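Observations on chain architecture
The chain contents come next:
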There are 2 protein chains.
Amino acid sequence: MVKIRVPAAPSIRRLPSYLNIIKQAQAEGYDYISGTVIANELNLEPIQVRKDLGITGIVGKPKRGYPVAPLVVAIERFLGWDTKTGAIIVGAGNLATALTGYPQFKLHGLHFLAAFDISPEKIGTSIHGVPVYAMSEVAAIVQTMGIEIAVLTVPSTCAQETADICMQNGIKGIWNFTNVKIKAQEGVAVQREDLTSGYALLSVMLNSRHPSRIKT
Amino acid sequence: MVKIRVPAAPSIRRLPSYLNIIKQAQAEGYDYISGTVIANELNLEPIQVRKDLGITGIVGKPKRGYPVAPLVVAIERFLGWDTKTGAIIVGAGNLATALTGYPQFKLHGLHFLAAFDISPEKIGTSIHGVPVYAMSEVAAIVQTMGIEIAVLTVPSTCAQETADICMQNGIKGIWNFTNVKIKAQEGVAVQREDLTSGYALLSVMLNSRHPSRIKT
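Residues numbered from 1 in each chain as written. Chains lettered and ligands numbered in written order. Predicted model: local features only at pLDDT ≥ 70, side-chain atom pairs only at ≥ 80, totals over all residues. Heavy atoms only, no water.

**What to know about the environment of B:Ile12**
Residue and element names in this part refer to chain B. Our working rule: Every helix listed is a DSSP run of H or I at least four residues long, and every strand listed is a run of E at least two residues long, numbered separately from the N terminus. Burial classes follow relative accessibility: with a 1.4 Å probe on protein chains only, a residue under 20% of its type's maximum area counts as buried, one over 50% as exposed, and anything between as partly exposed.
Of note, Ile 12 is situated in helix 1 (residues 9-27). By relative accessible area, Ile 12 is classed as buried at 0%. Sequence separation between Ile 12 and Leu 53 is 41 residues; the distance between their C-alpha atoms is 9.2 Å.

**Looking at the interface of chain A and chain B**
The criterion, for reference: Residue contacts are counted whenever heavy atoms from the two residues lie within 4.5 Å of one another. Put simply, buried area is how much 1.4 Å-probe accessible surface two parts lose in total, over both of them, once they are put together. The rule for a salt bridge is simple: a side-chain nitrogen of Lys or Arg has to be within 4 Å of a carboxyl oxygen of Asp or Glu. Here a polar contact is taken to be a pair of N or O atoms separated by no more than 3.5 Å, where protein atoms must pair a possible hydrogen donor with a possible acceptor and residues adjacent in sequence count only if both atoms sit in side chains. As a working rule, the residues Ala, Val, Leu, Ile, Met, Phe, Trp, Tyr, Cys and Pro are called nonpolar, Asp, Glu, Lys and Arg charged, and the rest polar, with Gly in that last group.
Taken residue by residue, the interface counts 74 residues in chain A and 73 residues in chain B. Taken together, the two surfaces of chain A and chain B that pack against each other cover about 7100 Å², and 61% of this comes from carbon and sulfur. Seen at the junction of chain A and chain B, the total is 0 salt bridges. Linking chain A with chain B are 8 residue pairs in polar contact (both at pLDDT 80 or more), by the criterion used here. Those elements that place two or more of their residues in the side of chain A that touches chain B are helix 1 (9-27), helix 2 (35-42), helix 4 (68-79), helix 5 (94-100), helix 6 (103-107), strand 8 (173-176), strand 9 (189-192) and helix 9 (195-209) of chain A. Looking at the side of chain A that touches chain B, the element that brings in the most residues is helix 9 of chain A, giving 15 residues. Of the residues belonging to the side of chain A that touches chain B, the class tally is 33 nonpolar, 24 polar and 17 charged.

**Description of the sheet that holds strand 9 of chain A**
Residue and element names in this part refer to chain A. Threshold: Note on pairing: two strands pair once DSSP finds at least 2 bridges between them.
With mixed pairing, the 7 strands of this open sheet are ordered in space as 5-6-4-3-7-8-9. On the outer flanks of this sheet lie strand 5 (126-127) and strand 9, each paired with one strand and no other. Bridge count for strand 4 (residues 110-117) against strand 6 (residues 130-134) is 3 bridges, and the pairing is parallel. Of the residues in strand 6, the one forming a bridge with Asp 117 is Ala 134.

**Digging into the sheet that holds strand 3 (residues 85-90) of chain B**
Residue and element names in this part refer to chain B. Keep this limit in mind: Fitted lines through C-alpha atoms give the axes, limited to the stretch in contact for helices. The angle between two N-to-C directions lies from 0 to 180 degrees.
Taken together, 7 strands build an open sheet; the order of strands is 5-6-4-3-7-8-9 and the sheet is mixed. Looking at which strands have only one partner, the edges of the open sheet turn out to be strand 5 (126-127) and strand 9 (189-192). Along the sheet, helix 7 (residues 138-145) contacts strand 3, strand 4 (110-117) and strand 6 (130-134); its crossing angle with strand 4, the most-contacted strand, is approximately 160°.

**Remarks on unusual backbone geometry**
Positive phi values are uncommon outside glycine, yet A:His128 reaches one of about 45°. Tracing the sequence through the fold places A:His128 in the loop between strand 5 and strand 6. Positive phi values are uncommon outside glycine, yet B:Asn43 reaches one of about 60°. With respect to the element layout, B:Asn43 can be found in the loop between helix 2 (35-42) and helix 3 (46-54).

**As for the relation of the copies chain A and chain B**
Note the cut-off: When the copies are overlaid, the least-squares fit takes in C-alpha atoms only where the residue has pLDDT of at least 70 in both copies.
Of the transformation placing chain A onto chain B, the axial shift is 0.0 Å and the rotation is 180°, giving an RMSD of 0.0 Å. In symmetry terms, the pair is related by a two-fold rotation axis. By C-alpha distance to the rotation axis, the residue of chain A lying nearest is A:Asn94, at 2.4 Å. Interface overlap between copies is the fraction of interface residues in one copy that are interface residues in the other; for chain A against chain B it reaches 99%, indicating a shared surface.

So yeah, pure geometry; function would need other evidence.
See the structure below:
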């Protein structure tokens, strides 16, 4: 497997939060927004915000801050969120239902075009307007529609097998919500979403405020 | 509002992944595990792994690596995951159903003890064995059971109102899955989970492998 290294992954993770704040400033009619305002809104250090936004190529002006409209364009272009991207979601359970109903994705150009499941009761239904197909339809739908992204919300036990089917049919990016490390084909990007990461952060914040929670 | 700063948040986010790998090594009978093995498994640099694990206080030995059993204990203690923690989940929709069914949380000591919703059809039912109560029961249940953590999976429009009810009744940590920045009371830790962060990372990885995806 070829390793795909992303420079400054934590910076990239923060870009969507910046984008939300900057878009809101834009909606409120502001032409400029300062790094300090963004930093305060997100409980970050201003120097971190300036460093993160630097990866988009936009530089702030002293005393005025960042030009709002070009910054929105630059962040969206950097992320590739300025184009419509189709995706499939495999495993049409509760998590898939939650994800397909999450309004932010469509705002960022991500459109779920098809869901897949093995359960006969689910096949033929739809989740938030996304039709649910049998797994045997993956090849036809992915290839016909030229879909590049698959979101995996299947049980961990069939994660690799499902990923293999996706990759064989041209999927180039897998967003993996299972607990399994996917062996990717060359050229395929895999992002594993581990919900316990956020819980780790909450735990440490909570412990730091309430040291009595820690056993000694 | 007092800002709660967590040192090395990206390091903390990675600890659960380390813990999984180290526990697996433990289950397979290994006494030591090298930082390089962990790094390879997660596509990280060994120096990053050593830096991250350093926050737990455990130091690896040259040529042998980290002692597995003490490292598991140290990570779990650092995160406060060596004790059982009760939580409520507010908003008993699809995301709540997915989260309460996520087996990793229980493994890390997080137990959902009660769910809450405003929908009369949901009240009195249960999700993955977690009883769903009316919002009017938050006070009694949180106070009686001394619960400190609330997971917010309500619609964004009632996020702050719901958080206020939780904080008024003694909740000290809020894991916020809504799209709203929660104004926290002093001493309350809030971790906002933004699912678009992971999508940003996947997008950048995908674009870096397939530059034709980027409009020029």
